[in-house]
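# Descriptive analysis of the structure
Each chain is listed here by its residues.
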Amino acid sequence: MYPNEFTSYIDAAQVALYVFWLFFFGLVFWLRREDRREGYPLESDPTGKVKDRGFLLLPSPKTFLLRDGTTATAPNFRRDQRPVAAVRVGPWPGAPLTPTGDPLADGVGPAAWAERREVPDQTWDGHNKIVPTRVDGHYGVASGDVDPRGLTVIGLDRKAAGTVVDIWVDRAEHVIRYLEVKVDVPGINNVLIPMTLSTIEGSDLSGHSVKVRSLKAEQIGKAPRPASADSVTFREEDRICAYFGGGHMYATPLRSEPLL
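Here's a quick rundown of the structure. Fair warning: this is a prediction, and the values are worked out from it, not measured in the lab. (Residues numbered from 1 in each chain as written. Predicted model: local features only at pLDDT ≥ 70, side-chain atom pairs only at ≥ 80, totals over all residues. Heavy atoms only, no water.)

Summing up its helical and strand segments, the chain has five helices and eleven strands in all. A compact globule built from 260 residues should have a C-alpha radius of gyration of about 18 Å, whereas the chain, at 25 Å, is more than 25% larger. By its C-alpha atoms, the chain is 85 × 50 × 45 Å across when sized along the principal axes. Taken over 260 residues, the chain has a buried fraction of 30%. In the chain, the share of contacts with a sequence separation of at least 24, taken over all contacts with a separation of at least 6, comes to 55%. Carbon and sulfur atoms provide 58% of the accessible area of the chain, an area that totals close to 16,800 Å². Mean positive and mean negative side-chain charge positions of the chain (31 and 33 charges, respectively) differ by 5 Å. (Helix = DSSP H or I, 4+ residues; strand = E, 2+ residues; numbered from the N terminus. Rg over C-alpha atoms; globule rule 2.2 N^0.38 Å. Buried < 20%, exposed > 50% of the residue type's maximum accessible area, 1.4 Å probe, protein only. Contact = heavy atoms within 4.5 Å. Areas by Shrake-Rupley, 256 points an atom, 1.4 Å probe, with all protein chains shown as cover. Lys, Arg positive; Asp, Glu negative; His and termini not counted. Charge placed at Lys NZ, Arg CZ, Asp CG, Glu CD.)

Turning our eyes to something else, we now look at the environment of D35. Note on placement: D35 falls in the loop between α1 (12–34) and α2 (54–57). For the pair formed by D35 and P59, sequence separation is 24 residues and the distance between their alpha carbons is 9.0 Å. Side-chain polar atoms of D35 contact the side chain of R32, separated by 2.5 Å. (Polar contact = N/O pair within 3.5 Å; in protein donor to acceptor, adjacent residues only side chain to side chain.)

Under the defined criterion, the tally for this structure stands at 16 salt bridges. Salt-bridge contacts for R82 lead to E115; the nearest nitrogen and oxygen are separated by 3.6 Å. With a gap of 33 residues between them, R82 in the loop between β2 (71–74) and β3 (86–88) and E115 in the loop between α3 (103–106) and β5 (130–132) connect regions that are remote in the sequence. Under the relative-accessibility criterion, R82 is labelled partly exposed at 30%. For E115, a relative accessible area of 39% translates into the label partly exposed. Residue E115 pairs with R235 through a salt bridge whose shortest N-O separation is 2.9 Å. On the criterion of sequence distance, the pair formed by E115 in the loop between α3 and β5 and R235 in helix α5 (residues 234–250) is long-range, its members being 120 residues apart. Assessed through its relative accessible area of 24%, R235 is described here as partly exposed. (Salt bridge = Lys/Arg side-chain N within 4 Å of Asp/Glu carboxyl O.)

Along a regular strand, successive side chains alternate from one face of the sheet to the other. Of the two faces of strand β9 (residues 191–194), the one lined by V191 and I193 and the one lined by L192 and P194 are each fully buried. Looking at chain direction, strand β8 (residues 175–183) and β9 are connected through four bridges and run antiparallel. Residue pairing for β9: E180 is matched across the bridge by L192. (Pairing = 2+ DSSP bridges.)

Dropping the structure here:
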């Protein structure tokens, strides 16, 4: 036998390959169990009945210490009990939902939002991460770029929805997250429009404006607003982004129909 052979049929390279296979299988199995910590229990799509995945495929509960000193245990098997304002178009798995009310306000389909915590995201040193420039004057628009403050916001129907009064910056990432818009619809605070869903159009000669293609002007005025004038919570961010993102499907009846 050669020096690296254990028998006439098994050598070191073969053993190393088998060990790698076992390790890789164990790694994939462990990862598939860990990614089941959130979103469970799984429910049957047509019936809503909870599926029993058994102890082998579900990890044991683990408690995580959060930054604010509280704890969270996962999996906790708590279900989202919010009513869904939509009905299925068929009894088969994967059947689409048809909204029964205002899908933007009800949070259906692409406009759905998660019940996140009602606390603002924070930087490593404990300050609110996303704030308007009136709170932190260190931030502004770079010279040469168009300052959106003072520009008119135009909806997909080419009507004016309001005027940008401030920009909300991410102090950790140094980017603009939201445009604060004063609209005609009365409310406690102004509307926040995600910067990623708005564009600045026009020129120095014709003038600039902020275009929002996901919603009509009237719908922009009805968007969810933060409870605080100078901060936004996790849940409020989810609702705002879902509202504006969902408009790409629900802003007009034609958008929810097939192209062909």
